[in-house]
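# Summary of the model geometry
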Amino acid sequence: MIFATQIHPHDVRDEGAVAVARNISELAACPVVGAEISTLEERHPYPHGELPHNPRRNVVVTHARHETPLEIPTDLGFRPVLSEEAISGFDYVAQISQAGQKAGLSVIPWIKALNIELEGDWQQACVVTAGGRVVRNWLCPSKPTTEQYVRSYVRYIVSRYSPRAVLVDRLRYPDWSGAQVDPSSLFTCFCPDCKALMASYGIDTSHVRASLKRLGDSFIAGTDATTIAHDDQLRLWMKFRQDRITRLAQIIQDEIGAMTTVWLNLWPPSFAPWMGQDYSSLGRVCHGAKHFPYHKLGGGADLSGLVRRLAGMGVESPERVFRSVMDLLELPYSLSLAEFEEHGLPVDYVQHETANAVRMFKATPIYTGVQIWDIPASEIEAATEAAASGGASGFFFYCYGWATLDALAEVGRIARRQ
Ligand SMILES: [Zn+2]
């Protein structure tokens, strides 16, 4: 059984590496720590509340910068933006690794494959929406320069830290989150390279664009979108996207899989096909995966934020839009949006998603992300038990900095009982 938690750079910079290592080893009893190598455009904690044990700040807003020193080829045309700390050579991952060594912690790099703040000629490198908008800071998985970048990036990280494992996140297409909630970011990539590749798949991109427009209109109108979602061309487009992501996962495995353990960070199965993640094929090209059925949020991202944004684009009630989205995701819960926003999805969701992930991953282990912030401490044990009954091979308690010290102590009680 793997017991892990995840940290952000400001946890270590604000609390100090020794205090963080001590809290994780003594309080939370988690021997594995995923350390975020580059941040996201994100409020900490998300989507509301305050950091409960940060001595310097109540809320931190991050900007998708690379937070540790980085050397990659300079002929790509684009490059990641480094934070001031990274430019000055400060490496918080090295710090926490050193502090954690004494406490018996394994610090593993938690990397973002395709989503990072970029400078240079990023317009040529990033995904394009069905409406023709370039999504900044999100690399198109089909481009040769992306492949070159990903290969050199993962190799650099592994040679820098020689970690026991790496957790590869953002190996997918964009969702709706970011600096603002934007549903149009869900429907990419229509860049020239992808359009040419799609033609070779027999995909009629005009037809797919029209279907995606109808799908979006259906959400906004709060009507049943499942018939549109089963359109043959739309299914082919989804398969194309999944193939592009699996191909890149295979490339990462080829590049570093003999040197370290490669874990993927995946959306829970009900959302994953819409992000370009196909569990059945990804299970064959990694050593394991963490998925994150954070039940209070309704998946991994802000489902309520998406529904409210869609409802704001039309005249239908948010309740109808919520039902339309739940039906499309085939989530078997009859709760209302009001109930969801108050309590989240039932804890049973964790079992449901984990069991599906385990079934599709076959012999490859699935680790379940357990939400430990913004929920009652009693639900941590219930969610962990739900994940275990779904067949999880371990747990990633998310996350260190957003959780109260009481919640971390509850994780420690659960971990010590195993
Ligand atoms: Zn593309």
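Because the structure is a prediction, the values reported are computed rather than measured.

Within the largest apolar cluster, 124 residues are counted, with the highest numbers of intra-cluster contacts made by Val 33, Ile 96 and Val 168. The greatest single-element share of this core, amounting to 7 residues, is contributed by helix 9 (residues 232-256). With near-sequence residues (within four places) excluded, Val 168 lies in contact with Ile 111, Ala 113, Ile 252, Val 262, Trp 263, Leu 264 and Asn 265.

This part covers the packing of helix 5 (residues 144-161) against helix 9. Relative to each other, helix 5 and helix 9 sit at 40 degrees, their axes nearing to 10 Å. The pairing of helix 5 with helix 9 is recorded here as oblique in orientation. Considering only the axes of helix 5 and helix 9, their crossing is right-handed. Every residue of helix 9 that contacts helix 5 at Glu 147, Val 150, Arg 151, Val 154, Arg 155 and Val 158 is listed here: Leu 248, Ile 251, Ile 252, Glu 255 and Ile 256. The class makeup of the residues in the contact of helix 5 with helix 9 is 7 nonpolar, no polar and 4 charged.

Here Cys 126 is to be found in strand 8 (residues 126-128). We classify Cys 126 as buried; it has 25 C-beta atoms within 10 Å. Once the C-alpha coordinates of Cys 126 and Ala 382 are considered, the two residues, 256 residues apart in sequence, prove to be 41 Å apart.

Before going further, it helps to examine the pairing of strand 10 (residues 165-169). The element strand 10 is extensively covered by neighbouring structure, given that 4 of its 5 residues are classed as buried. By the bridge criterion, 3 bridges tie strand 6 (residues 106-112) to strand 10 in an arrangement that is parallel. Paired with Ile 111 across the two strands is Val 168, which belongs to strand 10.

Here helix 5 spans 26 Å end to end across 18 residues, near enough to the 26 Å set by a 1.5 Å rise per residue. Restricting attention to buried positions, one finds in helix 5 the residues Thr 146, Tyr 149, Val 150, Tyr 153, Val 154, Ile 157 and Tyr 161. All buried residues of helix 5 fall inside an arc of 115 degrees around its axis, so they share one side. In helix 5, the exposed positions that point more than 90 degrees away from the buried face belong to Pro 144 and Ser 159. Considering only its buried residues, helix 5 is in contact with helix 4 (92-103), strand 6, strand 9 (134-139), strand 10 and helix 9. In the stretch just after helix 5, Ser 162 is the one whose phi turns positive, near 45 degrees.

The side chains of a regular strand alternate between the sheet's two faces. Across the 6 residues of strand 11 (residues 261-266), 5 count as buried, placing the element largely inside the fold. Across 4 bridges, the pairing between strand 10 and strand 11 is parallel. The partner of Val 166 across the bridge, within strand 11, is Val 262. Of the pairings in the sheet, the one linking strand 11 to strand 12 (residues 288-291) comprises 4 bridges and is parallel in character. Across the sheet, residue Leu 266 finds its bridge partner in strand 12, namely His 291.

Thresholds applied
Residue indices follow the written sequence of each chain, beginning from 1 at its first position. Confidence filtering applies because this is a predicted model: local features only for residues at pLDDT of at least 70, side-chain atom pairs given and counted only at 80 or more, and all residues used for totals across whole chains, interfaces and linings. Residues enter a nonpolar core if they are buried, belong to Ala, Val, Leu, Ile, Met, Phe, Trp, Tyr or Cys, and are joined to the set through C-beta atoms within 7 Å. Our exposure labels follow a C-beta count within 10 Å of each residue's own C-beta, placed from the backbone: buried means 20 or more other C-beta atoms, exposed means 12 or fewer, and partly exposed covers the counts in between. Working definition: helices are DSSP H or I runs of at least four residues, strands are E runs of at least two. Numbering for both runs from the N terminus. Here, residues touch in the contact sense if the C-beta positions derived from the backbone fall within 7 Å of one another. Here an angle of 0 to 180 degrees is reported between the N-to-C directions of two axes, which are lines fitted to C-alpha atoms, with helices fitted over the stretch in contact. The scheme is simple: roughly parallel for angles under 35 degrees, roughly antiparallel for over 145, roughly perpendicular for 65 to 115, oblique for anything else. Throughout, a crossing is termed right-handed when the near helix is turned clockwise from the far one, and left-handed when it is turned anticlockwise from it by less than a right angle. Lys, Arg, Asp and Glu make up the charged group, whereas Ala, Val, Leu, Ile, Met, Phe, Trp, Tyr, Cys and Pro make up the nonpolar group; the residues left over, Gly among them, are polar. Strand pairing is assigned whenever DSSP identifies at least 2 bridges connecting the two strands. In this analysis, the expected span of each helix is defined as 1.5 Å times one less than the number of residues it contains. Starting at the helix axis, one direction is taken to each C-beta atom, and the arc is that of these directions.

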